Amino acid sequence: VKDTISKPNANPILVALITFFLPLYIGHLMNGQPTKCVLSSLVSYLLVVCCCCCFGIPGIPIHLLSVFEAYKTAERLKNGEEIGKSEYSVPLFYKFCKIFDGKATCKEA
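Residues numbered from 1 in each chain as written. Predicted model: local features only at pLDDT ≥ 70, side-chain atom pairs only at ≥ 80, totals over all residues. Heavy atoms only, no water.

Student: Explanation requested: a nonpolar patch on the surface in the structure shown.
Tutor: A grouping of Ile13, Leu17, Phe20, Phe21, Ile60 and Leu64 is seen on the molecular surface, where their side chains present a nonpolar patch of about 620 Å² in accessible area. Contributions of two or more residues to the nonpolar patch are made by α1 (12-21) and α4 (60-78). For the nonpolar patch, the element with the most residues is α1, which contributes 4 residues. (Patch = residues over 30% accessible without salt bridge, like charges linked within 9 Å, V, L, I, M, F, W, Y side chains within 5 Å. Areas by Shrake-Rupley, 256 points an atom, 1.4 Å probe, with all protein chains shown as cover. Salt bridge = Lys/Arg side-chain N within 4 Å of Asp/Glu carboxyl O. Helix = DSSP H or I, 4+ residues; strand = E, 2+ residues; numbered from the N terminus.)

Structure, rendered in structure tokens:
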């Protein structure tokens, strides 16, 4: 199984919109990163539950970071860059997800 993804036909705007509106972060799956899809959902929902229970604040910032992550990854793919299946494009989002993903990498972190 290949550990990198190459997708010059990626559509950053479509991926960002799908990630924003669909609850399971399908945009990451469209980018070819199923692990990131599952982990983004897990991290986001855990933070939503914890924040709602403790502070009454939903995990909106994490959701928005995930949308931005999907967009930046699709943008990199569209530009012909080959990236790892567990590679993140947004350093802040990477810092949240690396707790759960031992294979996570981020070029800019």
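Next comes the rest of the description.
Student: What am I meant to see in the side chain of Gln33 here?
Tutor: With respect to the secondary-structure elements, Gln33 resides in the loop between α2 (26-30) and α3 (34-54). When near neighbours in sequence (up to four residues on either side) are disregarded, Gln33 contacts Ile5, His28, Thr73, Ile83, Gly84, Lys85, Ser86 and Glu87. (Contact = heavy atoms within 4.5 Å.)

Student: Looking at this model, I keep getting lost on α1. Mind explaining?
Tutor: Turn by turn, an α-helix covers 3.6 residues, leaving residues three or four places apart pointing in a common direction. For α1, the complete set of buried residues consists of Pro12, Val15, Ala16 and Thr19. Angularly, the buried residues of α1 cover 100° about the axis, an arc narrow enough to put them on a single face. Residues of α1 that are exposed and point over 90 degrees away from its buried face: Ile13 and Phe21. In the core, the buried residues of α1 are packed alongside α2 and α4. (Buried < 20%, exposed > 50% of the residue type's maximum accessible area, 1.4 Å probe, protein only. Arc of directions from axis to C-beta.)

Student: Teacher, can you tell me more about the pattern of salt bridges here?
Tutor: For side chains bearing opposite charge, pairing can occur when the charged atoms are close. Evaluated as defined, the whole model comprises 5 salt bridges. The shortest N-O distance in the salt bridge between Lys36 and Glu69 comes to 2.6 Å. On the criterion of sequence distance, the pair formed by Lys36 in helix α3 and Glu69 in helix α4 is long-range, its members being 33 residues apart. Take Lys36 and Glu69: they sit in the same class, and that class is buried. Between Glu75 and Lys72 there is a salt bridge, and its shortest N-O distance comes to 3.2 Å. With Glu75 and Lys72 both in helix α4 and 3 residues apart, this pair spans about one turn of that helix. Its relative accessible area of 25% is what places Glu75 among the partly exposed residues. With relative accessibility at 27%, the residue Lys72 sits in the partly exposed group. Linked by salt bridges that have partners in common, Arg76, Glu81, Glu87 and Lys107 make up one network.

Student: Honestly, α4 in this entry has me stumped. Any pointers?
Tutor: Across its 19 residues, α4 extends 27 Å between first and last C-alpha, which sits within 8% of the 27 Å expected from 1.5 Å per residue. Along α4, the residues that are buried comprise Ile62, His63, Leu65, Ser66, Val67, Glu69, Ala70, Thr73, Ala74, Arg76 and Leu77. After α4 finishes, the residue Gly80 shows a positive phi value of roughly 90°. (Expected span 1.5 Å × (residues − 1).)

Student: Would you mind showing me how to read the packing of α1 against α4 here?
Tutor: A pair of packed helices is captured by two measures, namely the crossing angle of their axes and the spacing between those axes. Orientation of α1 relative to α4, taken along the N-to-C sense of each, is 160°, at an axis distance of 8 Å. One way to sum up the angle between α1 and α4 is to call them roughly antiparallel. Along this stretch, α1 crosses α4, giving a crossing that reads as right-handed. Contacts from Pro12, Ile13, Val15, Ala16, Thr19 and Phe20 in α1 reach His63, Leu64, Ser66, Val67, Ala70, Tyr71, Ala74, Glu75 and Lys78 in α4. Of the residues that constitute the contact of α1 with α4, the class distribution is 10 nonpolar, 3 polar and 2 charged. (Axes fitted to C-alpha atoms, helices over the stretch in contact; angles between N-to-C directions. Parallel < 35°, antiparallel > 145°, perpendicular 65-115°, else oblique. Left-handed = near helix turned anticlockwise from the far one by under 90°. Nonpolar A, V, L, I, M, F, W, Y, C, P; charged D, E, K, R; others polar.)

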